[in-house]
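# Observations on chain architecture
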Amino acid sequence: MTRTICALPFQHVQQTQRFLKDVLKIESSRVNPYLQAFKLSFPTNNPIRAKGRILAPPIIQFYKQNFIPDPRKSVRFSGKGKFIEPARIRSVAILNVDKGFRSVTKFAEQMERHCREQGITFEKPARDWKVVETHSEDTAGVKTFLSECLHKKVTIVVAIVNEKKPDIHDVLKYYEEKMGQQTIQICTDTAIKIMSEHGGKQTLENVLRKFNPKAGGTNFYLNIAPTVCGTSITPDATRLHEKLFARTQFIGFELSHTGARTQYDKQAELFDGEPTVVGVSYSLRQSTQLGGFSYFQPTREHKLSRLEEKFQICVDAYEKSAQSLPETIVVYRVGSGEGDFKRIFEEVNDMRKSAERTKQGYHPKFICILTQRHCHVRLFPERIQGRKAQEQNVPSGTVLETNVYRNGFDEFIMCCQTPMIVIAKVF
């Protein structure tokens, strides 16, 4: 569906120019009465030209093997090396929600084999994994099964689901959050590809890269490259890495609000609704070792609540992993705008108070980055060439510094990914 309706960068630019010229008629204020009324004129409908730059990619460090990704190509991990810290798994349980899937035993054997190839170890082999069959509406049964797995210290539960009936996903994630039992959902087609000896290699790699960190492992570390493609980046990569990453914790907060109040709610003076969900992610000793959790706060509340308590969870996790408190804390506040500056100042102050309670004399340095994921700005190369999305889009790591300082803060636009079929989004 996405491939059918999406537009590549070249098509998008042409469609936008055609719309501005033929529909809005912005090139002539005489034709457009609204532009004429406000005495507005646009000399051209061409995109705005600006000078950007490409950030140097990092070194991705696997076990006994490093590689530097090419920003102009999609990052492929195939054959790059084993995980830097493979998970050590006590046991695995399988929840088969697709009654039409009868190859659970073979799937378990192939899954174990592929995991061992990446260095992941198992105390119990696949033949001893517990397998339970259920259906998507058996919420109580799923809860009981996850409770038993948690009691028996099962490392992770693999749920095989029919992609036409994905209702069980929300149930799994709800109990994972409430109980702490790790789960991973795999659709039946993905399970079949994992069992296949031919094809599905990229799918397998995607599953293993999610499976390993959920089971307690780390896929790779990030380091700073001294040179990239023959160009010098820094004379002392070790010192720069120490400055940017050593004793530094990264924490991200994102809010997910319910829909706006309807006209009926306003007339009936109804204010109660679904709560706002706060998602929290934080780094540990290494920047690629991540933890996270979520919690609820009052509906459509835009300021983070219970922040001192939740911030403490992040710092305690870092201290347990690194055996020391972070000296620098980088906070990514997602979904904020210009009107939220005052709230975010208050949030940072709450974090400072929480840090001071952690240890007497503890005053970490805070760096707060306000990010907007749902941005309407799009970046295109000046000369769009090629036929594929990754050829027509700007390379991953492209940064446009706007030279605009809003309320005394720097502002920049960044493209962080290489799209496969559509236009690259920016942040």
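Here, every reference points to the structure presented above.
In this report, the structure presented in the accompanying data block is examined. By convention here, each chain's residues receive numbers from 1 onward along its written sequence. Only residues with pLDDT of at least 70 are given local features in this predicted model, and only at 80 or more are side-chain atom pairs given and counted; all residues enter the totals for whole chains, interfaces and linings. Hydrogens are left out, water is left out, and the side-chain values use all remaining heavy atoms of the structure.

### Details of the sheet that holds strand β18 (residues 398-401)
Two strands qualify as a pair provided DSSP detects at least 2 bridges between them. Secondary structure counts use DSSP, requiring at least four H or I residues in a row for a helix and at least two E residues in a row for a strand, with both numbered from the N terminus. Reading across the sheet, the three strands line up as β1-β18-β19 and stay open at both edges, with antiparallel pairing between neighbours. What marks the edges here is a single partner per strand, and that holds for β1 (53-54) and β19 (412-414). Where β1 and β18 come together, two bridges link them in antiparallel fashion. Looking at the pairing, Ile54 lines up with Thr398 of β18.

### Let's talk about the packing of helix α7 (residues 188-195) against helix α8 (residues 201-214)
Between N-to-C directions, angles span 0 to 180 degrees; the directions come from axes that are lines fitted to C-alpha atoms, helices contributing only their stretch in contact. Put simply, α7 and α8 touch, their axes get as near as 9 Å, and they point 105° apart. Viewed along their axes, α7 and α8 adopt a mutual orientation that is roughly perpendicular. Of α8, the residues touching α7 (which contributes Thr190, Lys193 and Ile194) are Thr203, Leu204 and Val207. Here the term charged refers only to Asp, Glu, Lys and Arg, the term nonpolar to Ala, Val, Leu, Ile, Met, Phe, Trp, Tyr, Cys and Pro, and the term polar to all other amino acids, Gly among them. Taken together, the residues of the contact of α7 with α8 sort by class into three nonpolar, two polar and one charged. The cut-offs work like this: below 35 degrees is roughly parallel, past 145 is roughly antiparallel, 65 to 115 is roughly perpendicular, and the gaps in between are oblique. In this description, contact between two residues means that some pair of their heavy atoms is separated by no more than 4.5 Å.

### Quick notes on the nonpolar core
Counting 28 residues, the largest nonpolar core has Ile89, Ile94, Phe107, Met111, Ile120, Val158 and Phe211 as the members making the most contacts within it. Looking at this core, the elements that each hand over two or more residues are β5 (92-96), α4 (104-117), β8 (156-161), β9 (183-187), α7 and α8. For this core, the element with the most residues is α4, which contributes five residues. Of all hydrophobic cores here, the second largest spans 24 residues; its members include Ile251, Leu255, Val278 and Val315. Here, nonpolar core means buried Ala, Val, Leu, Ile, Met, Phe, Trp, Tyr and Cys residues that are tied together by side-chain atoms lying within 4.5 Å of each other. Using a 1.4 Å probe on the protein chains alone, a residue whose accessible area is under 20% of its type maximum counts as buried, one over 50% counts as exposed, and one in between counts as partly exposed.

### Topic: a positive patch on the surface
For patch detection, residues must exceed 30% relative accessible area and be free of salt bridges, and they are connected within 9 Å for like charges or within 5 Å for nonpolar side chains (Val, Leu, Ile, Met, Phe, Trp, Tyr). Surface exposure here means Shrake-Rupley accessible area, sampled with a 1.4 Å probe, where a residue is shielded only by the protein chains that are shown. We define a salt bridge as a contact between a side-chain nitrogen of Lys or Arg and a carboxyl oxygen of Asp or Glu at a distance within 4 Å. Only four residue types enter the tally: Lys and Arg on the positive side, Asp and Glu on the negative side, with His and both chain ends excluded. A single reference atom marks each charge: NZ on Lys, CZ on Arg, CG on Asp, CD on Glu. A cluster of basic side chains, namely Arg90, Lys124, Lys152 and Lys153, defines a positive patch on the protein surface. Residue classification places Arg90 among the partly exposed positions, given a relative accessible area of 34%.

### A word on the layout of surface pockets
Think of a 1 Å grid over just the protein atoms. A cavity is a set of points where a 1.4 Å probe fits yet cannot get out, a pocket is an open set with protein on both sides within 12 Å along at least five of seven lines, and lining residues have an atom within 4 Å of a point. Grid points are joined across faces, edges and corners, and a volume is the space filled by probe spheres set on the points. The space that makes up the second largest pocket amounts to roughly 1,300 Å³. Lining the second largest pocket are 40 residues, with Pro47, Ile48, Leu379, Phe380 and Pro381 positioned closest to its centre. For the lining of the second largest pocket, the secondary-structure elements that each account for two or more residues are α2 (9-22), β1, α13 (389-392) and β18. Take the lining of the second largest pocket: its biggest share by element is seven residues, from α2.

### A word on the pattern of salt bridges
Following the criterion strictly, the structure yields 17 salt bridges and no others. The partner of Glu148 in a salt bridge is Lys130, and the shortest N-O contact between them spans 3.1 Å. Of this pair, Glu148 sits in helix α5 (residues 139-151) while Lys130 sits in strand β7 (residues 130-133), placing them 18 residues apart in sequence. Arg333 is the salt-bridge partner of Glu347, the closest N and O atoms lying 2.9 Å from each other. Taken as a pair, Glu347 in helix α12 (residues 341-358) and Arg333 in strand β16 (residues 328-334) lie far apart in primary sequence, 14 residues in all. Arg333 gets classed as buried once you look at its relative accessible area, which sits at 3%. Here the salt bridges do not stand alone but share partners, grouping Lys173, Glu176 and Lys214 into one network.

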